[in-house]
Amino acid sequence: MTPDRRRPPKHGKRAEAGARGAKKNWKPGNMLSPVPVVLVSCGGSRGWKPNLITIAWIGSVCSDPPMLSIAVRPERYSHDIIKTTGEFVVNIPSVDQARTTDWCGVVSGRDVDKFGAAGLTPAPARKVGCPIVVECPLNIECRTRKSLLLGSHTLFLAEVVSVQVNSGLVDTRGRLNLQKAGLIAFAHGHYYALGRHIGHFGFSVRKAGKPKRR
Ligand SMILES: Cc1cc2nc3c(=O)[nH]c(=O)nc-3n(C[C@H](O)[C@H](O)[C@H](O)COP(=O)(O)O)c2cc1C
């Protein structure tokens, strides 16, 4: 039976309880949550040594051409590296690298060789001059198209020029199974391993009787 797409799904208990509760007005701030947390590698060309910076303010912004954005404070050592080289790699960490990801976000490349000290392996990227982090399951190579100083942060808008993924995450039919990578979410200052699977794209209008997507 084809479901009536105009009829919205029923709310869960949590949403109903929320609707009954009073709202408080909160001060303006960046409350977007959860967000990904990534290890951005940069440097390795134009006289800069390779460096790593932890970034939570990252987002997909365009699919054709594939583009993403990262927001970096000008006082970060990595800021001028990215600004002058126009290149960086977004390395998606797994839960195994959560502690290292945090550490790369509290020390500066001005003082420490983060690759060496953290025991992370740099390897050449395919299209950009900075290294990828071998231990991370997914490496997204980016070339900056535009940078905008917004206030506290510079927004780097970048094109994805190459993607490398652990072969163990690609099944025999060539499909990417990123859920196997043990991804991390960052919510309100805390790191979480992704939890229970609750649906897939379009599951709210899935035809009754059709087998569930895995
Ligand atoms: C979880 C987490 C998320 C962070 N997100 C950002 C971010 O989005 N933008 C930013 O400029 N700094 C962010 N930081 C802070 C930098 O990673 C940190 O200042 C780092 O030490 C800068 O390294 P660098 O001086 O070698 O560039 C984050 C830190 C942590 C721990």
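Preceding block: the structure.
For clarity, every value in this text was computed on a predicted model and none was experimentally measured.

It is worth spelling out the overall build of the protein at this point. From N to C terminus, the protein includes four helices and twelve strands. Along the three orthogonal principal directions, the C-alpha set of the protein runs to about 60 × 50 × 30 Å. Evaluated residue by residue, the protein yields a buried proportion of 36% over its 214 residues. Sequence separation of 24 or more characterises 61% of the internal contacts of the protein that already satisfy a separation of 6 or more. Accessible area for the protein stands at about 14400 Å²; split by element, carbon and sulfur atoms hold 54% of it. Looking at charge distribution, the protein has the averaged site of its 33 positive side-chain charges lying 12 Å from that of its 14 negative ones.

This part takes up the pairing of strand E11 (residues 184-187). Burial along E11 is two-sided: the residues Ile184 and Phe186 and Ala185 and Ala187 are all buried. Looking at chain direction, strand E1 (residues 35-36) and E11 are connected through two bridges and run antiparallel. Residue pairing across strands places Pro36 opposite Ala185, the latter belonging to E11. Relative to strand E12 (residues 190-193), E11 runs antiparallel, the two sharing four bridges. Directly across from Phe186, in E12, lies its bridge partner Tyr191. Following E11, the chain reverses through two residues before pairing antiparallel with E12; His188 in that reversal takes a positive phi of roughly 50 degrees.

With an omega of 0 degrees, the peptide bond running from Ser33 to Pro34 counts as cis. Along the polypeptide, Pro34 turns up in the loop between helix H1 (13-20) and E1. For the bond from Asp64 to Pro65, the omega torsion is 5 degrees, close enough to zero to count as cis. Its place among the elements puts Pro65 in the loop between strand E4 (58-63) and strand E5 (66-72). The residue Arg46 is not glycine, and still its phi comes out positive at about 50 degrees. Examined against the element boundaries, Arg46 turns out to sit in the loop between strand E2 (38-42) and strand E3 (51-55). Assessed through its relative accessible area of 68%, Arg46 is described here as exposed. The phi angle at His188 is positive, at roughly 50 degrees, despite the residue not being glycine. Here His188 is to be found in the loop between E11 and E12. His188 gets classed as exposed once you look at its relative accessible area, which sits at 67%.

What counts and how
Residues numbered from 1 in each chain as written. Predicted model: local features only at pLDDT ≥ 70, side-chain atom pairs only at ≥ 80, totals over all residues. Heavy atoms only, no water. Helix = DSSP H or I, 4+ residues; strand = E, 2+ residues; numbered from the N terminus. Buried < 20%, exposed > 50% of the residue type's maximum accessible area, 1.4 Å probe, protein only. Contact = heavy atoms within 4.5 Å. Areas by Shrake-Rupley, 256 points an atom, 1.4 Å probe, with all protein chains shown as cover. Lys, Arg positive; Asp, Glu negative; His and termini not counted. Charge placed at Lys NZ, Arg CZ, Asp CG, Glu CD. Pairing = 2+ DSSP bridges.

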